[in-house]
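One letter stands for each residue in the lines below.
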Amino acid sequence: NAGVMQNPRHLVRRRGQEARLRCSPMKGHSHVYWYRQLPEEGLKFMVYLQKENIIDESGMPKERFSAEFPKEGPSILRIQQVVRGDSAAYFCASSVQGNTEAFFGQGTRLTVV
Amino acid sequence: QQQVKQSPQSLIVQKGGISIINCAYENTAFDYFPWYQQFPGKGPALLIAIRPDVSEKKEGRFTISFNKSAKQFSLHIMDSQPGDSATYFCAASLNQGAQKLVFGQGTRLTINP
């Protein structure tokens, strides 16, 4: 049973470009969470999704950031017009239900130059 | 009130010693307290978790102690080994599970051989 798969592992974007981060949850998991980790800091919750639904996006910046989890395919975190401050590690986690353990992927390290 | 405060920031322990990491929280509605272990370049991995109806949980060399009245919980690693060298994060959430984990700032643990 493969774990949570994230790709790409590393992503370099120039300021103003778009970044698309993908997350395939563990088999049988229908709940997906995105977290951001700045250097030397803990993880910060961004968004919680189920298939075709955003459950809680209280941690998402109001502009430029969006997330989706379509009926088919991976969950996507999209950052438009990236700025240097978006440079961070972005982690996806999944769970069977909202009240069960979450398992994290290896993350996507975004660098904005 | 949503914060989880973790200490120390870094910790050096001799091989065979006991490593102790502490966390404190404010929100009394939190009902799920996991600990994650993270190696460089990897995602956080669930180590052990506790719910507030018990004061202690032990899994192998890892023990969580939970003090509900003091709103504190701690991770004890017995017989610490060099392979335990990693960053450890405590976290807390509502609804007994994976939703919207609030992470501590992390503790970088180094076990000297």
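You'll find the structure just up there.
Please read all numbers here as calculations on a predicted model, not as lab measurements.

A few points about the state of the cysteines
Residue and element names in this part refer to chain B. Taken as a whole and assessed by the stated rule, the structure comprises two disulfides over all chains. Each sulfur in the disulfide pair Cys23 and Cys90 lies 1.9 Å from the other. One quick way to see it: the torsion about the S-S bond of Cys23 and Cys90 is about -95°, and its sign makes the bridge left-handed. Of this pair, Cys23 sits in strand β3 (residues 19-25) while Cys90 is found in strand β9 (residues 86-92), placing the two residues 67 residues apart along the sequence. Just as Cys23 is buried, Cys90 falls in that class too.

Here we look at unusual backbone geometry
Each neighbour pair has its own omega, and for Asn7 of chain A with Pro8 of chain A the value is 0°, a cis peptide bond. Note on placement: Pro8 of chain A falls in the loop between β1 (5-7) and β2 (10-13). Following Ser7 of chain B, the chain continues into Pro8 of chain B via a peptide bond in cis, with omega recorded as -5°. Tracing the chain through its elements places Pro8 of chain B in the loop between β1 (4-7) and β2 (10-14). Although it is not a glycine, Glu52 of chain A adopts a positive phi angle of roughly 65°. Looking at where Glu52 of chain A falls in the secondary structure, it is placed in the loop between β5 (43-50) and β6 (53-56). Exposure remark for Glu52 of chain A: the relative accessible area of 57% places this residue in the exposed category. Phi angles above zero are rare outside glycine, and Lys71 of chain B is one such case at about 55°. With respect to the element layout, Lys71 of chain B can be found in the loop between β7 (62-67) and β8 (72-77).

Here is what the cut-offs are and how they apply
- Residues numbered from 1 in each chain as written.
- Chains lettered and ligands numbered in written order.
- Predicted model: local features only at pLDDT ≥ 70, side-chain atom pairs only at ≥ 80, totals over all residues.
- Heavy atoms only, no water.
- Disulfide = S-S within 2.5 Å.
- Helix = DSSP H or I, 4+ residues; strand = E, 2+ residues; numbered from the N terminus.
- Buried < 20%, exposed > 50% of the residue type's maximum accessible area, 1.4 Å probe, protein only.

Nothing here speaks to function; it is all geometry.
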